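Structural overview for review
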Amino acid sequence: MGSPRRAAGSYGHSINEDHPQYVTSVARAFSILRCFERGEQFLGNQDIVRRTGLPKPTVSRMTFTLSALGYLEYSPQLEKYSLGPAILSLSHAFMKTHDVVTIARPLMRELAEYTEAAVMLGAADGMRMVVLEVCQGDSTFHLKLDPGARVPHGSTALGRADLAARPPDVFEHHLAILEQECAPELWPKIRAGIVRARQDYENYGFCFSLGDWNPDVFAVGVPMVSADRSRILAFNCSGRLSVMTREKLVHEFAPKLVALRNTVFERTEGRF
């Protein structure tokens, strides 16, 4: 019998997919919803089969059910699916029940204006980071990211900050999953960046992505671990190279981002 399969979990552990309480059909349904990346409105069953690796009959049943529940909408003309309005209601409920975004927003806006950069708050969504809030401070250089956008874990400051705060066993497990999902020729550089970011976090209290995700963008990131250590959120500050030099990040912008994180943690009492 093979070793148990594991999925990305919360701060301190991974989820055993072979656990008797793990409902595979629910996991499959959410894997289908995650197929709809930013900028892609319609996907057919065959597109979803390719992205999830699920059997076509399973995908057909799942998309039919998700459509019946309002989480997908079917276009007879295109014979494809798009996200349905029920998704928006879940997003709205999430934002309404998380005070951390409301508390962080004015502080993020103030820092964005000061740094003339973009300041973001994000959370892990599988092996990606989902942006919960973004404040733009440079009217001439906008990162095209809105709340709900998903960005890579391994090459962004937001994702590296999340990984840097993971316990060693969970960190190694995440690296293994990321390696499976990454093109072999790209993995050595991405892994080196992740490991270096973890070391930077231990040394400085923050980590970097210096052109690794976008060659025109330098960024610094910092994690925020809940008081019960069950959740991690991450903040980052990203801007164009002419503004975000490494020296300025280390000595000015990063300390201000850490102070922002500390203020949000204190005001939420670490509950988020």
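Residues numbered from 1 in each chain as written. Predicted model: local features only at pLDDT ≥ 70, side-chain atom pairs only at ≥ 80, totals over all residues. Heavy atoms only, no water.

A word on the packing of aromatic side chains
Scanning the entire structure with this criterion turns up five aromatic pairs. On the basis of an interplanar angle of 90° and a centroid distance of 5.7 Å, the ring pair of Phe206 and Phe208 is categorised as edge-to-face. Its relative accessible area of 4% is what places Phe208 among the buried residues. Members of the aromatic cluster, each reached through a chain of ring pairs, are Tyr204, Phe206 and Phe208. (Phe/Tyr/Trp six-rings, centres within 6.5 Å; stacked < 30°, edge-to-face > 60°. Buried < 20%, exposed > 50% of the residue type's maximum accessible area, 1.4 Å probe, protein only.)

Some points on helix 1 (residues 24-33)
Taken as a whole, helix 1 has its buried residues at Ala29, Ile32 and Leu33. All buried residues of helix 1 lie within an arc of 100° about the axis, which places them on one face of the element. (Helix = DSSP H or I, 4+ residues; strand = E, 2+ residues; numbered from the N terminus. Arc of directions from axis to C-beta.)

Overview of the pattern of salt bridges
Where side chains of opposite charge bring their charged atoms close, a pairing between them can arise. Here the structure, examined in full by the defined rule, presents eight salt bridges. Note that Asp125 is salt-bridged to Arg150, the shortest N-O span being 3.1 Å. A residue pair is termed long-range when its members are at least 10 positions apart, and Asp125 in strand 5 (residues 118-125) and Arg150 in strand 7 (residues 150-152) qualify at 25 residues. Judged by its relative accessible area of 17%, Asp125 falls in the buried class. Taking the shortest distance from any N to any O, the salt bridge between Asp138 and Arg240 comes out at 3.0 Å. You can see Asp138 sitting in the loop between strand 6 (128-136) and strand 7 and its partner Arg240 sitting in strand 10 (residues 232-240), a full 102 residues away along the chain. Judged by its relative accessible area of 7%, Asp138 is buried. (Salt bridge = Lys/Arg side-chain N within 4 Å of Asp/Glu carboxyl O.)

Some points on the layout of surface pockets
Roughly 150 Å³ of internal volume is contained in the second largest pocket. Around the second largest pocket sit Ser155, Arg160, Glu185, Leu186, Lys189, Ile190, Ala192, Gly193, Arg196 and Asp212, which together line it. In terms of residues, the lining of the second largest pocket owes the most to one element, helix 8 (residues 187-204), which gives five residues. Classifying every residue of the lining of the second largest pocket by side-chain character gives three nonpolar, two polar and five charged. (1 Å grid on protein atoms, 1.4 Å probe; cavity = no way out; pocket = protein on both sides within 12 Å on 5 of 7 lines; lining within 4 Å. Points joined across faces, edges and corners; volume = space filled by probe spheres on them. Nonpolar A, V, L, I, M, F, W, Y, C, P; charged D, E, K, R; others polar.)

Quick word on the packing of helix 1 against helix 3 (residues 56-68)
Two elements in contact, helix 1 and helix 3, have axes separated by 10 Å at closest approach and are oriented at 80°. Classed by the angle they form, the pair helix 1 and helix 3 counts as roughly perpendicular. Contacts between helix 1 and helix 3 involve Ser25, Arg28, Ala29, Ile32 and Leu33 from the former and Thr58, Val59, Met62, Thr63 and Leu66 from the latter. Taken together, the residues of the contact of helix 1 with helix 3 sort by class into six nonpolar, three polar and one charged. (Axes fitted to C-alpha atoms, helices over the stretch in contact; angles between N-to-C directions. Parallel < 35°, antiparallel > 145°, perpendicular 65-115°, else oblique. Contact = heavy atoms within 4.5 Å.)

Topic: the pairing of strand 6
Strand 6 sits mainly inside the fold: seven of its nine residues count as buried. As defined by bridge partners, strand 5 adjoins strand 6 across eight bridges and the pair is classed as antiparallel. Considered in strand 6, the bridge of Asp125 is made with Arg128. Counting the residues between successive antiparallel strands, the hairpin from strand 5 to strand 6 contains two residues, one of them, Gly126, with a positive phi of roughly 65°. (Pairing = 2+ DSSP bridges.)

Focus on the environment of Phe272
Tracing the sequence through the fold places Phe272 in the segment after helix 9 (246-268). Phe272 sits in the buried class, given a relative accessible area of 15%. Separated by 64 residues in sequence, Phe272 and Phe208 place their C-alpha atoms 24 Å apart. If sequence neighbours within four positions are ignored, Phe272 has contacts with Val100, Met224, Val225, Ser226, Arg231, Leu233 and Phe265.

Looking at the sheet that holds strand 9 (residues 217-225)
If you walk across this open sheet you meet the six strands as 7-6-5-10-9-8, and the pairing is antiparallel. Across the chains shown, the open sheet's two edge strands, defined by having one partner strand only, are strand 7 and strand 8 (207-210). In this sheet, neighbouring strand axes are inclined to one another by 35° on average, regardless of whether the strands run parallel or antiparallel. Contacts between helix 9 and the sheet are confined to strand 5, strand 8, strand 9 and strand 10, with strand 9 contributing the most and set at about 30° to the helix.

Quick look at a nonpolar patch on the surface
A contiguous nonpolar patch, built from Val23, Val26 and Phe30 and spanning about 260 Å² of accessible area, is present on the exposed surface. Residue position: Val23 is located in the loop between strand 2 (15-16) and helix 1. (Patch = residues over 30% accessible without salt bridge, like charges linked within 9 Å, V, L, I, M, F, W, Y side chains within 5 Å. Areas by Shrake-Rupley, 256 points an atom, 1.4 Å probe, with all protein chains shown as cover.)

Points about the nonpolar core
If you look at the biggest cluster of nonpolar residues, it comprises 35 residues, and the most contacted ones within it are Phe235 and Val264. Secondary structure elements with two or more residues in this core: helix 5 (99-115), strand 5, strand 6, strand 9, strand 10 and helix 9. (Core = buried A, V, L, I, M, F, W, Y, C linked by side-chain atoms within 4.5 Å.)

Examining empty space enclosed by the protein
Within this structure, the stated rule accounts for two cavities of 30 Å³ or more. In this model, the largest cavity occupies a volume close to 100 Å³. Thr156, Trp213, Ala219, Asn236 and Ser238 are the residues nearest the centre of the largest cavity, which is lined by 14 residues in total. Elements supplying a minimum of two residues to the lining of the largest cavity: helix 6 (157-164), strand 9 and strand 10. Lining the second largest cavity are Glu116, Ala117, Ala118, Gln136, Asp138, Phe141, Leu143, Ser238, Gly239 and Arg240. Element by element, the count of residues in the lining of the second largest cavity is highest for strand 10, at three residues.

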